[in-house]
Amino acid sequence: WLSQSSGCQAASHCIPASNWPCRSASTAPRPAMAGSSVLRSGSSMLNSLRSTSSLTNINTSPQLLKNTSSFCSDFKPQRQKLEKDLVKQEQKAKHVMRRAALSNVDTLLDRDTLKEVCIESQERWLGCLMLPVTLLFFSFYSMAASMHQDVSNSHLLEAPIRAKLMPPLEEHEDPTPDMLQGVLTVPEVYHYLENTYIPMFFKQSNAQGQALPQDEWSKIYEYNRVKGLVIMELERSPKVPCANDVTNHMDCYPKDQSTTGAYGLPLADLPGGWNYYMNASDGSTPLLRCENEGFDAAGCPQDGRRLGGMLRDDMASMMPKPMGGDKRYQFAFDPMDSYDRVKARFQYLKDRGWLDPQSKTLTLRAFILNYQMEVPRLQTVTTTFFFSRGGGIFSTLTFIGFGLTTFKNTMNIVFDVLFVVTLIVSTGMIIRELCKDVLARNPWAQLSFVNLVTWASMAAGWVSVAIILISTTWRQSVVDSLERYIASPTQANAFDFADTADAIGVNMQTLRIFIAGSHILFMTRCFTSLKWQPRLEVVTRTISVMASDLLHFLIVLIPTFVAFAIAGQMIFGRRLQTFSTIQAALATCFKISMESEFRWQELSAQDYMTTASWVFPFMTLVVVLMINMVLAIIMDIYQEVRREAGSTMTITRNLQYIYSYVRFRGTWISTQELVSVIDNMPQTVSVLELRQAFPSMPDYQQSYLVKECNNKEKKITRVGVDASVTEQMVAAIHISLEEILKDVSELKNRGWMGMGFEISDSSERETIKDIMTSIATQQQWMSMTQKSMDILQARIDGTFKEEKEEAASDPPKGGGVLKATE
């Protein structure tokens, strides 16, 4: 082509066109392709070069020949790639057209589809075997964990105490200083402790007001007993000049610093003087253990307290560090002291000014033992007051409890054993899969999401088993420290019991969080295992498919949501606690989005128009529009996935499949045998051919394979054909039609007349046409004559029916041939 366009055929240095690197070996005309535009561009370029006056001798230029040859050499691989892509797209289009044709025929199956169904059946069978193990794994773990944590009994123990210390309020009710949530000032702290806290934990009379014996003191709701000391710990800030230049003449109390020095009024200035607190004229124990008890972080010299010293070595690393280290002012109340003595010791704190402007946090810890439940439980009740440098006081109430024995009952042990068995089976199965992948030199297959979740669940299961065994040691350490305190109720043993109970309580709280997270992980594993059930896979596939769309939508939703939350904090945060911090504002906005409810009166108490300018756009844009768009995305993708899945196997049919597999196991054709035979079958397989290839195949197995193949082949009718595939099909049809037209044209030139005749001479073709027309006419007449003779014979035999006679007597269109024949 290039040699012709440059006019160099006669030149001695020109290369013949057939020898050009980019010329196809075939000289037959080919359909137009995308590469032809490149060739036309090259031709135009050379023609323009030839017409240029400065390049009149271009056809004899060796440099141009070299460049042109290089151009052809570079284009050759591109042309080959283009032809390969064209063939590939043509094959793909033909495959789609075959699938579309087979989707309307129930008795014909595509070989590749049939092979795919066989392989999926094998994988589904293995997955169905794993699914019950996964569900049992989750169920046994849940039952065992629930019995170990015993959440129901914990609630029964905590609920009445929580209701007493922090009663629930209705929306129209305001808290009082007798309630924890109503404490806002230092005097109210003293009021709450004196009128609510101390009467509850140091109860020494029954409901009728009668005094109880000492061994029944400090009972709470009949069945709970305070054990050890009720400990109060105070942290204080130092008093230093303010660092700001504007306020450096004033005193500040930095919240990130602590002091340990002694403070408070002298004992001599208190009511009763020094002798009242330090001497006991009746020979009883003095009211105070030392002169600065509670007002010096060093404590009393005779305490003999050793933080963690009486714990075993294996428990030392589990001890939580105090909030302020040793920079705490401690004061303790003994539940075995009389109520009057407890009140007097508390009054000492008030009179000497224990709480002052330097106070940072006040923590109260009480340890309650319930001995009436199936498993004895130790509950730590921690009340904390935070003295805000803004002037207010905030408080929290937390409960940390655990049973003093590891196993609740025999059923607890049974479920633990069952969980360990399923854990061993699951671990063995995943290790078996790992070994298969390693032997197949494909270990990276284990990095799929499903396998990673399985490995993580196995690790969490074994960690849970180890922690349960270790928790037995934890519980025993608490029991030992409690027994030491009961045997010798000294101050040192009391603090040792308190520190041990706190440390184990923190560990148990961490264990509780780990167990909760493990449930989510195990649930995810169960979720991924559902893909082996086709109908349940619709749900998991919906989540997988929508992840991309949802992620892109969240890129729009999250900034919008955060912007409204920050705006809400700016508008309402100064007067509403629910918007006072960015975390609280985000949580409140999320609550409004989910519930579509908000407190208009509370929000619009100030700046009515500003509130409206925030509420209405937020409700319209986020709540109504964007949240519903999320639901629309989910439902749209679910319908698409459900339509694509078609008539998949339900759980009932799945159980029937498993039953049939077990029942006909002797004659059930294995997947390996099916695949090996199907590979040698034609591309289109009929149901009869399938039966002939496997005569012993159970009817259920054949019916299952045929239904699954038909469902897969009908996917194209349910979903339709993609636009790109449509273009490929049109291109393939166009190419095929061009080839047919080429063949027809060639047959016409050769004189093909059908029936194997080829006559190129025109006169002979007309003669052959006349002869063939006469033969066809004679065949038609002979057929009609034979039919009439059959009718006459039927009349003679008396077997001719009247309606047949009438039908036969009607002359055909085109003349009364039958009547003339009769």
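A. Quick look at the nonpolar core. Core analysis: the largest hydrophobic core is formed by 47 residues, its most contacted members being Leu193, Phe201, Trp354, Leu362 and Phe385. At eight residues, the largest contribution of residues to this core is made by helix α6 (residues 186-201). Once residues within four sequence positions are removed from consideration, Trp354 is found in contact with Tyr190, Met232, Leu234, Tyr263, Gly294, Phe295, Tyr329, Phe331, Leu349, Ser359 and Leu362. Counting 36 residues, the second largest nonpolar core, distinct from the first, contains Ala145, Leu378, Phe415 and Leu423.

B. Examining the pattern of salt bridges more closely. With the rule as written, the count across this model stands at 22 salt bridges. Put simply, Glu293 and Arg345 hold a salt bridge, and the shortest N to O gap is 2.8 Å. With Glu293 in the loop between α7 (273-278) and α8 (313-316) and Arg345 in helix α9 (residues 339-352), this pair connects stretches of sequence that are 52 residues apart. When sorted by exposure, Glu293 lands in the same class as Arg345, which is buried. A salt bridge links Arg691 to Asp699; its shortest N-O distance comes to 2.9 Å. Overall, the relative accessible area of 23% leaves Arg691 in the partly exposed class. A single salt-bridge network, built from bridges that share partners, covers Glu233, Arg328, Arg365 and Asp502.

C. Summary view of the state of the cysteines. Within this structure, the stated rule accounts for one disulfide. With its sulfur 1.7 Å from that of its partner, Cys242 forms a disulfide with Cys252. Between Cys242 and Cys252, the disulfide has an S-S torsion of 95° and is therefore right-handed. Of this pair, Cys242 sits in the loop between β5 (240-241) and β6 (251-252) while Cys252 is found in strand β6, placing the two residues ten residues apart along the sequence. Taking the relative accessible area as the measure of exposure, Cys242 reaches 8% and is therefore buried.

D. A look at the packing of aromatic side chains. A complete count under the given rule lists 32 aromatic pairs for this structure. Ring geometry for Tyr141 and Phe522: centres 4.8 Å apart, planes at 90°, overall edge-to-face. You can see Tyr141 sitting in helix α4 (residues 111-149) and its partner Phe522 sitting in helix α12 (residues 491-529), a full 381 residues away along the chain. Grouping residues by exposure puts Tyr141 and Phe522 together as buried. Each residue in the set Phe202, Tyr263, Tyr276, Tyr277, Phe295, Tyr329, Phe331, Phe333 and Tyr348 is aromatic and connected to the rest through ring pairs, giving one cluster.

E. The arrangement of the pairing of strand β9 (residues 377-387) in detail. Within β9, ten of the eleven residues are buried, leaving the element largely enclosed by the surrounding structure. Pairing of strand β8 (residues 359-370) with β9 involves ten bridges; the strand directions are antiparallel. For Asn370, the partnering residue across the bridge sits in β9 and is Arg377. Joining the antiparallel neighbours β8 and β9 is a turn of six residues. Here β9 pairs with strand β10 (residues 393-403) via eleven bridges, running antiparallel. Counterpart to Arg377 in the pairing with β10 is Gly403. Between β9 and β10, which pair antiparallel in sequence order, lie five residues; one of them, Gly391, sits at a positive phi of approximately 115°.

F. Structural view of the packing of helix α11 (residues 449-487) against α12. Relative to each other, α11 and α12 sit at 160°, their axes nearing to 9 Å. Our classification of the angle between α11 and α12 gives roughly antiparallel. Relative to α12, the crossing made by α11 is left-handed. When the residues that make up the contact of α11 with α12 are grouped by side-chain class, the tally is 21 nonpolar, 13 polar and four charged.

G. Inspection of a nonpolar patch on the surface at higher detail. A cluster of nonpolar side chains, contributed by Ile520, Met523, Phe527, Val539, Ile543, Met635 and Tyr638, occupies part of the molecular surface with about 590 Å² of accessible area. Looking at the nonpolar patch, the elements with two or more residues in it are α12, α13 (534-572) and α16 (608-645). With three residues, the top contributor of residues to the nonpolar patch is α12. Along the polypeptide, Met635 turns up in helix α16. Residue Met635 is classed as partly exposed on the basis of its relative accessible area, which comes to 44%.

H. View of the side chain of Ser154. Considering the arrangement of structural elements, one finds Ser154 in helix α5 (residues 151-165). In this structure the side chain of Ser154 is engaged in a polar contact, spanning 2.6 Å, whose partner is the side chain of Arg377. Apart from residues lying up to four places away in sequence, Ser154 is in contact with Gln149 and Arg377.

I. Highlighting the environment of Thr134. By secondary structure assignment, the location of Thr134 is in helix α4. Judged by its relative accessible area of 1%, Thr134 falls in the buried class. In this structure, the C-alpha to C-alpha distance between Thr134 and Met523, residues 389 residues apart in sequence, is 9.3 Å. Excluding anything up to four places from it in sequence, Thr134 contacts Arg525, Cys526 and Ser529.

Calculation rules
Residues numbered from 1 in each chain as written. Predicted model: local features only at pLDDT ≥ 70, side-chain atom pairs only at ≥ 80, totals over all residues. Heavy atoms only, no water. Core = buried A, V, L, I, M, F, W, Y, C linked by side-chain atoms within 4.5 Å. Buried < 20%, exposed > 50% of the residue type's maximum accessible area, 1.4 Å probe, protein only. Helix = DSSP H or I, 4+ residues; strand = E, 2+ residues; numbered from the N terminus. Contact = heavy atoms within 4.5 Å. Salt bridge = Lys/Arg side-chain N within 4 Å of Asp/Glu carboxyl O. Disulfide = S-S within 2.5 Å. Phe/Tyr/Trp six-rings, centres within 6.5 Å; stacked < 30°, edge-to-face > 60°. Pairing = 2+ DSSP bridges. Axes fitted to C-alpha atoms, helices over the stretch in contact; angles between N-to-C directions. Parallel < 35°, antiparallel > 145°, perpendicular 65-115°, else oblique. Left-handed = near helix turned anticlockwise from the far one by under 90°. Nonpolar A, V, L, I, M, F, W, Y, C, P; charged D, E, K, R; others polar. Patch = residues over 30% accessible without salt bridge, like charges linked within 9 Å, V, L, I, M, F, W, Y side chains within 5 Å. Areas by Shrake-Rupley, 256 points an atom, 1.4 Å probe, with all protein chains shown as cover. Polar contact = N/O pair within 3.5 Å; in protein donor to acceptor, adjacent residues only side chain to side chain.

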